[in-house]
Amino acid sequence: MNEENTQGKQEEILERINSLEHELQPAPGLEERIVKGLQREGLIRSGLPTQARLLHPVLAAVAALVFLATGMLLQNFRQISSSNSMSENTYVVFLKKGHEYKEARNEKERRERIEQYRNWARDIKQKGVAISGTKLRDEIHFLGRGPTVKESEIVSGYFLIDAGSLQEAIRLSRTCPHLLYGGAIEVRRVDPV
Amino acid sequence: MMETQEDDEFLVKCFLKKGEESSFRLLYRRHSPYLYLFAVRLLGGNKADAEDILQETWIRAARNLSNFRWRSSLRTWLCGILINCWREFTSRDRRANSSAEEKELAQTNVHQTIELETLIQRLPDACREVFILHDIEGYTHEEISSLLGIHPGTSKSQTFEARKKLRFWWNGQQKRED
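First things first, this report covers the structure right here in the doc. (Residues numbered from 1 in each chain as written. Chains lettered and ligands numbered in written order. Predicted model: local features only at pLDDT ≥ 70, side-chain atom pairs only at ≥ 80, totals over all residues. Heavy atoms only, no water.)

## What about the overall build of chain B?
Part 1 of the reasoning: From N to C terminus, chain B includes 9 helices and 0 strands.
Part 2 of the reasoning: In chain B, the succession of α and β elements from N to C terminus is α-α-α-α-α-α-α-α-α.
Part 3 of the reasoning: Within the span of chain B, comprising 178 residues, buried residues form 53% of the whole.
Part 4 of the reasoning: Once local pairs closer than 6 in sequence are excluded, the contacts in chain B between residues at least 24 apart make up 62%.
Part 5 of the reasoning: Summed over its atoms, the accessible surface of chain B is roughly 8,200 Å², and 49% of this surface lies on carbon and sulfur atoms. (Helix = DSSP H or I, 4+ residues; strand = E, 2+ residues; numbered from the N terminus. Buried < 20%, exposed > 50% of the residue type's maximum accessible area, 1.4 Å probe, protein only. Contact = heavy atoms within 4.5 Å. Areas by Shrake-Rupley, 256 points an atom, 1.4 Å probe, with all protein chains shown as cover.)

## Remarks on helix α7 (residues 125–136) of chain B
An α-helical turn contains 3.6 residues, so any two residues separated by three or four positions project in the same direction.
Part 1 of the reasoning: Helix length check: α7 of chain B (12 residues) gives 15 Å between terminal C-alpha atoms against 16 Å at 1.5 Å per residue, within 8%.
Part 2 of the reasoning: Counting buried residues along α7 of chain B, 10 of its 12 residues qualify, which places the element largely inside the surrounding structure. (Expected span 1.5 Å × (residues − 1).)

## Remarks on the side chain of H141 of chain B
Residues and elements named next belong to chain B.
Part 1 of the reasoning: One can find H141 in helix α8 (residues 141–148).
Part 2 of the reasoning: A relative accessible area of 13% means that H141 is categorised as buried.
Part 3 of the reasoning: Within the local environment of H141, its side chain forms a polar contact with the side chain of S155, the two groups lying 2.7 Å apart.
Part 4 of the reasoning: Not counting residues up to four positions away in its chain, the partners in contact with H141 are H134, P152, S155, K156 and T159. (Polar contact = N/O pair within 3.5 Å; in protein donor to acceptor, adjacent residues only side chain to side chain.)

## Observations regarding the packing of aromatic side chains
Aromatic ring pairs are defined here through the distance separating the ring centres and the angle between the ring planes.
Residues and elements named next belong to chain B.
Part 1 of the reasoning: Inspection of every chain in the model, using the stated rule, returns 8 aromatic pairs over all chains.
Part 2 of the reasoning: Each ring, one from Y28 and one from W58, has its centre 5.7 Å from the other, and the planes form 45°; the classification is tilted. Of this pair, Y28 sits in helix α2 (residues 21–42) while W58 is found in helix α3 (residues 47–64), placing the two residues 30 residues apart along the sequence. Each member of the pair, Y28 as well as W58, is classed as buried. (Phe/Tyr/Trp six-rings, centres within 6.5 Å; stacked < 30°, edge-to-face > 60°.)

## Thoughts on the pairing of strand β3 (residues 155–162) of chain A
Residue and element names in this part refer to chain A.
Part 1 of the reasoning: When you tally the buried positions in β3, you get 6 out of 8 residues, the bulk of the element.
Part 2 of the reasoning: Sheet topology places strand β1 (residues 90–96) next to β3; 7 bridges connect them, and they run antiparallel. Following the sheet pairing, K96 is matched in β3 by V155. (Pairing = 2+ DSSP bridges.)

## Comments concerning helix α1 (residues 5–18) of chain B
Part 1 of the reasoning: Here α1 of chain B contains 14 residues, and its C-alpha end-to-end distance of 20 Å stays within 8% of the 20 Å for a straight helix at 1.5 Å per residue.
Part 2 of the reasoning: Those residues of α1 of chain B lying buried are D7, D8, F10, L11, V12, C14 and F15 of chain B.
Part 3 of the reasoning: Buried-residue contacts for α1 of chain B involve α4 (107–126) and α5 (166–173) of chain A together with α2, α3 and α4 (74–91) of chain B.
Part 4 of the reasoning: Once α1 of chain B finishes, G19 of chain B follows within two positions and takes phi at roughly 60°, a positive value.

## Quick notes on unusual backbone geometry
All names here are of chain B.
Part 1 of the reasoning: Phi at W70 is positive, roughly 60°, even though this residue is not glycine.
Part 2 of the reasoning: Mapped onto the secondary structure, W70 falls in the loop between α3 and α4.
Part 3 of the reasoning: By relative accessible area, W70 is classed as partly exposed at 23%.

## Focus: the pattern of salt bridges
Residues and elements named next belong to chain B.
Part 1 of the reasoning: In the structure shown here, the tally under the stated rule is 18 salt bridges over all chains.
Part 2 of the reasoning: Among the salt bridges present, the one from R60 reaches E56, with a minimum N-O distance of 2.9 Å. A residue pair is termed a helical-turn pair when its members lie 3 or 4 positions apart in one helix, as R60 and E56 do in helix α3 at 4 residues.
Part 3 of the reasoning: Since its relative accessible area comes to 30%, E56 is described here as partly exposed. (Salt bridge = Lys/Arg side-chain N within 4 Å of Asp/Glu carboxyl O.)

## Let's talk about the interface of chain B and chain A
Part 1 of the reasoning: Residue-level contacts link 49 residues of chain B with 42 residues of chain A.
Part 2 of the reasoning: Summing the contributions of chain B and of chain A, the shared interface buries around 4,500 Å²; its carbon and sulfur component is 61%.
Part 3 of the reasoning: Together, F10, E21 and R25 of chain B form the three largest contributors to the area buried by chain B at its contact with chain A, with a combined 15%.
Part 4 of the reasoning: Between chain B and chain A we count 6 salt bridges in total. (Buried area = accessible area lost by both parts, 1.4 Å probe.)

## Some points on the nonpolar core
Part 1 of the reasoning: Judged by nonpolar contacts, the single largest core of 80 residues is most densely connected at F24, W58, I120 and L166 of chain B.
Part 2 of the reasoning: For this core, the element with the most residues is α2 of chain B, which contributes 11 residues. (Core = buried A, V, L, I, M, F, W, Y, C linked by side-chain atoms within 4.5 Å.)

## Focus on the packing of α7 of chain B against α8 of chain B
Residues and elements named next belong to chain B.
Part 1 of the reasoning: As a packed pair, α7 and α8 sit with axes 10 Å apart at the nearest point and diverge in direction by 135°. Judged by the angle between their axes, α7 and α8 are oblique. α7 and α8 meet at a crossing whose hand is right-handed. Between α7 and α8, the residues in contact are E129, V130, L133 and H134 and H141, I144, L147 and L148, respectively.
Part 2 of the reasoning: Split by residue class, the contact of α7 with α8 holds 5 nonpolar, 2 polar and 1 charged. (Axes fitted to C-alpha atoms, helices over the stretch in contact; angles between N-to-C directions. Parallel < 35°, antiparallel > 145°, perpendicular 65-115°, else oblique. Left-handed = near helix turned anticlockwise from the far one by under 90°. Nonpolar A, V, L, I, M, F, W, Y, C, P; charged D, E, K, R; others polar.)

Take a look at the structure:
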């Protein structure tokens, strides 16, 4: 009976343990303190403001789109935007504002972000993955019937990536700086019918 | 979102190559929630001290990332650094005083309803460390042995001891509630 009781208590505790949380967000200011500390040590290259504030969402969209336009001018980017060159391995990476997008505070920050997106795309390309992007204008025209698109769902730009699989496309997209600023990304596979 | 080693490798590479702030921030955000709760548990619930430990962990990690050989996952490596920071932290004089205060506080909770987290906080440091790694975070005794520099047998005995204490306290709490 004692053994059964012990076993029962152990199982009860184990059940509780399994329901324990595994993550807890530290205070927001801690990240900034650490980044500043690393900047002082020269381990982080200053290039990004340590605080990003929310401005009007349209300005953030402009920042992302300017980067995309700049990306198109970089040499050696293979264009895969024409339907003739799209394949089953082409994935569209939609950049959306999401609910928590942090806008660049000023022109300097926008340029720094552009540089980050550029570096990211360049790194993707250096891995041997074809990538391109395109700018979308701010004006939106809705046609037909349907639910109103929420501001967080508006696509501000997109990349086209030739990845070996959906998993690879997702893996590459997970490192996109757009997520750093609280944006949302949607990855869709092209269906070349 | 599941963190994969490939993602970590990519971000670490960008950070090391160019000192990219964005890459560091992404790494920080991917792993800090896990590391922070780990530190909070190690420190018996003290969040302020856990933040200090976490800060020191990331600074040491950034300094030594170029020496990391990917023999384990990045998160496991970061846990190892955090544990070292915690051990140094708890060996300092001021920590001895706050440990006494926490244990006194824990004692005053004996007659109140005690949640499991509070019971874990009451465990002795060595027991708590191993218990968190094994029973909560799922590390094997071999991995714990490597992380903490102890024999796997020690890890097993500490886990056994921790479970025994928790069972005893839990049983005691249940009787008081009945």
